[in-house]
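Single-letter residue listing:
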Amino acid sequence: MGSLAFILQILANNNGSRKEFPIYKIEEGSDTASEIRFQYPGGIAYNAETLAVSPKDGSMYVIRKSTGNENTLYRFPETVEGTVELIEVCNFDDIGTEQITGGDIHHLGEKFLIRTYENIYEYHAKDLQDGTVCGNRIRELAHNEPQGEAVAYLNKSHSFYSLSERTDQPLYLFTCDK
């Protein structure tokens with residue numbers, strides 16, 4: 001199997017009517033997509049806008065988007081076949097009621113960049129699966145762009161991009177040494 005080339009995600013559940021969500025993966029060199037279906041623990045209908053894949057090991061994570069203090073990080077089980085139930089990792093309590101709209105994992109797999117409408121946060125953990133990442137914020141940047149919904153690390157660096165969902169908005173580059 002080749003390296004992952006593309007993922008199409010359908011995570012939004014604004015009206016809370018869906019309990020299962022599809023993700024379509026296309027491996028490099030393939031012309032067909034494979035489907036993965038997931039649900040949250042207990043089959044509860046949550047909303048999310050963030051799917052992040054670790055470049056280090058291919059593990060996948062979803063962050064629940066909440067208007068309360070329930071911005072929860074979930075991970076996919078190691079074996080992904082059929083419909084899988086996500087595993088709760090931890091809750092980003094320090095974000096409070098801000099809604100998480102985007103995220104990315106650093107190429108070394110030890111940092112997680114998170115976007116809300118109001119801010120950009122960066123967290124650190126040696127192992128994203130052990131739950132310590134949610135309590136280990138290393139950077140906070142107030143960056144309130146209209147409908148800010150995307151953030152991504154720049155290749156193999158500590159710098160990152162941020163982008164709004166609205167039209168006629170600039171692509172912001174934040175240059176960071178570490």
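Residues numbered from 1 in each chain as written. Predicted model: local features only at pLDDT ≥ 70, side-chain atom pairs only at ≥ 80, totals over all residues. Heavy atoms only, no water.

A few words on the pattern of salt bridges. For the structure shown, the criterion picks out 11 salt bridges. Put simply, arginine 37 and glutamate 20 hold a salt bridge, and the shortest N to O gap is 3.0 Å. Of this pair, arginine 37 sits in strand β3 (residues 34-39) while glutamate 20 sits in the loop between β1 (4-9) and β2 (21-27); the two residues are 17 residues apart in sequence, bridging distant segments of the chain. Arginine 37 serves as the salt-bridge partner of glutamate 35, at 3.2 Å between the closest nitrogen and oxygen. The network of salt bridges with shared partners includes Glu20, Glu35 and Arg37. (Salt bridge = Lys/Arg side-chain N within 4 Å of Asp/Glu carboxyl O. Helix = DSSP H or I, 4+ residues; strand = E, 2+ residues; numbered from the N terminus.)

Time to look at the layout of surface pockets. Roughly 190 Å³ of internal volume is contained in the second largest pocket. Lining the second largest pocket are 14 residues, and of these Gln9, Glu49, Thr101, Gly102 and Glu149 lie nearest its centre. Those elements that provide at least two residues to the lining of the second largest pocket are β4 (48-53), β9 (100-105) and β13 (148-153). (1 Å grid on protein atoms, 1.4 Å probe; cavity = no way out; pocket = protein on both sides within 12 Å on 5 of 7 lines; lining within 4 Å. Points joined across faces, edges and corners; volume = space filled by probe spheres on them.)

Spatial strand order, β9-β10-β11-β12: 4 strands in an open sheet with antiparallel pairing. The sheet terminates laterally at β9 and β12 (137-142), the two strands that pair on one side only. With direction set aside, neighbouring strand axes in the sheet form an average angle of 15°. Summarising the sheet, β9 and strand β10 (residues 111-116) pair through 5 bridges and their orientation is antiparallel. Bridge assignment links aspartate 104 to a residue of β10, and that residue is leucine 113. (Pairing = 2+ DSSP bridges. Axes fitted to C-alpha atoms, helices over the stretch in contact; angles between N-to-C directions.)

Counting residues in each nonpolar core, the largest one holds 18 residues, and the members touching the most others are Leu73, Phe92, Phe112, Ile114 and Val133. Secondary-structure elements contributing two or more residues to this core are β5 (60-64), β8 (87-91), β9, β10 and β11 (119-124). Core analysis: the second largest hydrophobic core is formed by 15 residues, Ile23, Leu51, Met60 and Phe76 among them. (Core = buried A, V, L, I, M, F, W, Y, C linked by side-chain atoms within 4.5 Å. Buried < 20%, exposed > 50% of the residue type's maximum accessible area, 1.4 Å probe, protein only.)

The next point concerns a negative patch on the surface. On the surface, Asp57, Glu78, Asp127 and Asp130 cluster together into a negatively charged patch. Within the secondary structure, aspartate 127 is located in the loop between β11 and β12. The class of aspartate 127 is partly exposed, set by a relative accessible area of 38%. (Patch = residues over 30% accessible without salt bridge, like charges linked within 9 Å, V, L, I, M, F, W, Y side chains within 5 Å. Areas by Shrake-Rupley, 256 points an atom, 1.4 Å probe, with all protein chains shown as cover. Lys, Arg positive; Asp, Glu negative; His and termini not counted. Charge placed at Lys NZ, Arg CZ, Asp CG, Glu CD.)

In this section: the packing of aromatic side chains. Counting across every chain of the model gives 11 aromatic pairs. Centre to centre, the rings of phenylalanine 21 and tyrosine 40 are 5.7 Å apart; their planes meet at 80°, and the pair counts as edge-to-face. Here tyrosine 40 lies in the loop between β3 and β4 and phenylalanine 21 lies in strand β2, a separation of 19 residues in the sequence. For the residue pair phenylalanine 21 and tyrosine 40, the accessibility class agrees, reading buried in each case. Judged by centre distance (6.3 Å) and plane angle (80°), the ring pair of tyrosine 61 and phenylalanine 112 falls under edge-to-face. Of the two residues, tyrosine 61 sits in strand β5 while phenylalanine 112 sits in strand β10, which places them 51 residues apart along the sequence. In terms of burial, tyrosine 61 and phenylalanine 112 fall into one category: buried. (Phe/Tyr/Trp six-rings, centres within 6.5 Å; stacked < 30°, edge-to-face > 60°.)

Here we have 3 strands laid out as an open sheet, ordered β13-β14-β15, and antiparallel in their pairing. Two strands lie at the open edges of the sheet, namely β13 and β15 (172-174), each paired on one side alone. Mean inter-strand twist for the sheet, computed between neighbouring axes without regard to direction, equals 20°.

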